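Chain residues, written in single-letter form:
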Amino acid sequence: MNARRSILFLALASLPAAGFIFAPGSASAASLPQLKVSENQRFLVNAGGRPFFYLADTAWELFHKLNREEAKVYLKNRADLHFTVIQAVALAELDGLHVPNAYGHLPLKNDDPTQPMEEYWQHVDFIVKQANDLGLYMGLLPTWGDKWNKMWGAGPEIFTPKNAEIYGEWLGHRYRSAGVIWILGGDRSPEKPPHQEIIRAMARGLAKGDGGTHLMTFHPTGGQGSARWFHNEGWLSFNMRQNGHDINFPGRYDQTRADYDLTPAKPVIDGEPVYEDHPVSFDAKKLGHTIAADVRRPLYWDLFAGACGHTYGNHAVWQMFDAAKGKPVNGPLLPWVKAIQQPGAAQMQYGRQLVESRPFLTRIPDDSLIVPEAVTTSVPGSGTRRFVATRDAEGTYAMIYAPIGRPFKVRLKPFSGSSIQGWWFNPRNGKTTAIGEFRRTEEREFVPPDVGELLDWVLVLDDAARKYPPPGMRPWDGNPQP
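Nothing here was measured: the structure is a model prediction, and the numbers come from that model. (Residues numbered from 1 in each chain as written. Predicted model: local features only at pLDDT ≥ 70, side-chain atom pairs only at ≥ 80, totals over all residues. Heavy atoms only, no water.)

Draft legend 1. Focus on the environment of glutamine 87. Note on placement: glutamine 87 falls in strand β5 (residues 85-89). Setting aside anything within four residues of it in sequence, one finds glutamine 87 in contact with Tyr54, Ala56, Asp57, Thr58, Ala59, Trp60, Gly139, Ile183, Met240, Gly271 and Thr311. Here the side chain of glutamine 87 touches tyrosine 54 through a polar contact of 2.8 Å, side chain to side chain. (Helix = DSSP H or I, 4+ residues; strand = E, 2+ residues; numbered from the N terminus. Contact = heavy atoms within 4.5 Å. Polar contact = N/O pair within 3.5 Å; in protein donor to acceptor, adjacent residues only side chain to side chain.)

Listed below in structure tokens is the structure:
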């Protein structure tokens with residue numbers, strides 16, 4: 001063992017046995033349930049088997065840009081909106097090795113991953129603890145990808161398989177008792193074998209450091225998924241996609257279902273869909289910026305394709321844009337303190353509430369519920385007009401997402417009961433309107449409340465005998481509605 005590694009392991013050995021280091025004077029870690037993959041390999045659950053809905057926000061520059069008071073404001077906002085995960089990067093994208101954090105501290109000495117600078121990491125400790133205290137897990141990226149594959153960005157490339165494993169073990173040990181989910185990668189492709197070995201080595205180190213207690217995944221570049229390189233590897237707990245900053249279904253959001261269908265089965269999530277207020281396909285001059293509707297559609301496209309949760313992002317929030325503190329990246333529309341109030345962020349919780357109001361672990365994708373138009377291809381549609389469907393494997397409920405107010409037909413044969421209760425769920429405000437109860441037939445046409453409008457709705461159909469609560473009303477606990 002060389003001298004540098006020996007010094008690092010002496011530092012590891014000196015850490016308290018019960019938890020990770022925090023800023024001076026702070027309390028011990030909040031106790032969040034340990035997470036694991038469900039028995040059917042499709043979802044995430046806590047140690048007791050209760051479903052965990054991964055609803056994340058991308059706050060990539062959180063540790064790098066915000067001071068502690070600002071971080072409290074941000075985290076409180078996201079907790080109030082019922083997010084469950086905050087995705088942030090330890091070695092940040094925006095020249096995080098050479099531009100100091102809000103307190104003037106850099107993360108590493110001499111750009112060496114085996115020489116972490118304690119003052120910087122105490123700030124990370126503080127934010128992780130604040131998140132955990134609010135019930136938020138930290139989706140913690142050990143580094144942004146330009147530090148191991150500088151396809152673009154500030155870099156520099158500092159990782160080798162050897163130092164990646166040492167750094168991973170140090171990081172895993174430091175946060176072994178925290179509520180974290182490890183997200184390797186960082187918007188880059190491991191296109192060559194040396195890149196893949198760096199990722200595998202870092203995964204080994206993390207597992208050594210935390211005893212294998214935390215879930216682990218990989219965040220790829222746009223249009224890609226972790227399954228392309230690592231699907232069959234044991235360290236990868238679940239697949240993560242970056243369907244990216246396009247608003248159309250084909251070639252992007254249809255790939256969530258493709259990853260869901262892989263064998264062996266693994267949970268899948270879109271870790272970076274299109275952001276609110278982001279230039280559409282990175283071309284603001286021709287295509288403008290996205291709006292709340294553009295981030296709602298991927299929420300339901302992904303969930304109904306079988307995803308175990310979803311990730312939201314805002315173009316100003318990921319970079320924590322503040323005109324007084326740094327240069328903008330690709331034209332953010334608002335400072336982050338205003339951008340956290342944008343409507344799309346608040347509307348994410350309605351998707352979570354909808355899915356949680358029905359049996360969670362038996363949900364499967366099933367677009368065959370939607371009857372294709374005999375003459376045209378308008379339904380299930382394409383582009384931004386794509387209809388998608390999900391249902392309970394036992395046929396006790398189904399949900400169909402209609403991105404526009406167009407009549408459509410549903411096959412009712414998969415339902416378990418002879419009588420069906422229908423509802424319209426509004427994904428813009430989370431409110432529900434009862435359609436009523438009707439006899440099951442082969443097919444039935446449904447007309448969204450806003451015919452002809454570019455307003456989305458979710459049709460919810462239940463086996464009436466199950467007496468499920470109104471969609472989104474309360475998490476399903478196995479008890480029928482009185």
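That shown, we press on.
Draft legend 2. Summary view of the pattern of salt bridges. Scanning the model with the defined rule gives 23 salt bridges in all. For the salt bridge of aspartate 367 with arginine 386, the shortest nitrogen-to-oxygen distance reads 3.2 Å. With aspartate 367 in the loop between β13 (363-365) and β14 (370-371) and arginine 386 in the loop between β14 and β15 (388-392), this pair connects stretches of sequence that are 19 residues apart. Within the structure, one salt-bridge network assembled from shared partners comprises Arg296, Arg428, Asp450 and Asp456. (Salt bridge = Lys/Arg side-chain N within 4 Å of Asp/Glu carboxyl O.)

Draft legend 3. Here's a closer look at unusual backbone geometry. Between glycine 155 and the following residue, proline 156, the backbone shows a cis peptide bond with an omega angle of -10 degrees. Counting through the fold element by element, proline 156 comes out in the loop between β6 (137-141) and α5 (161-174). Each neighbour pair has its own omega, and for threonine 263 with proline 264 the value is -5 degrees, a cis peptide bond. Positionally, proline 264 belongs in the loop between α8 (249-260) and β11 (268-270). Here the phi dihedral of glutamine 41 falls at roughly 65 degrees; this positive angle occurs in a residue that is not glycine. Topologically, glutamine 41 is positioned in the loop between β1 (35-37) and β2 (44-46). For glutamine 41, a relative accessible area of 34% translates into the label partly exposed. Phi angles above zero are rare outside glycine, and aspartate 277 is one such case at about 70 degrees. (Buried < 20%, exposed > 50% of the residue type's maximum accessible area, 1.4 Å probe, protein only.)

Draft legend 4. Examining helix α13 (residues 343-356) more closely. Counting buried residues along α13, 11 of its 14 residues qualify, which places the element largely inside the surrounding structure. Buried within α13 we find Gly344, Ala345, Gln347, Met348, Gln349, Tyr350, Gly351, Arg352, Leu354, Val355 and Glu356.

Draft legend 5. The packing of aromatic side chains, seen in detail. In this structure the tally under the stated criterion is 26 aromatic pairs. Considering the side-chain rings of tyrosine 120 and tryptophan 121, the 5.4 Å spacing of their centres and the 75 degrees angle between planes classify their relative orientation as edge-to-face. Note on tyrosine 120: relative accessible area 1%, which makes it buried. When its relative accessible area of 0% is taken as the criterion, tryptophan 121 is described as buried. With a centroid separation of 4.8 Å and an interplanar angle of 90 degrees, the aromatic rings of tyrosine 468 and tryptophan 476 are classed as edge-to-face. (Phe/Tyr/Trp six-rings, centres within 6.5 Å; stacked < 30°, edge-to-face > 60°.)

Draft legend 6. How the structure looks around the pairing of strand β21 (residues 457-463). Of all seven residues that make up β21, seven are buried, and the element is covered over most of its length. Judged by which residues are buried, β21 turns out to be covered on both faces: Trp457, Leu459, Leu461 and Asp463 on one side and Val458, Val460 and Asp462 on the other are all buried. Bridge count for strand β16 (residues 397-402) against β21 is six bridges, and the pairing is antiparallel. Paired with alanine 402 across the bridge in β21 is tryptophan 457. Strand direction decides the pairing type here: strand β18 (residues 419-425) and β21, joined by six bridges, are antiparallel. From the neighbouring strand, tryptophan 424 faces β21, where its bridge partner is leucine 459. (Pairing = 2+ DSSP bridges.)

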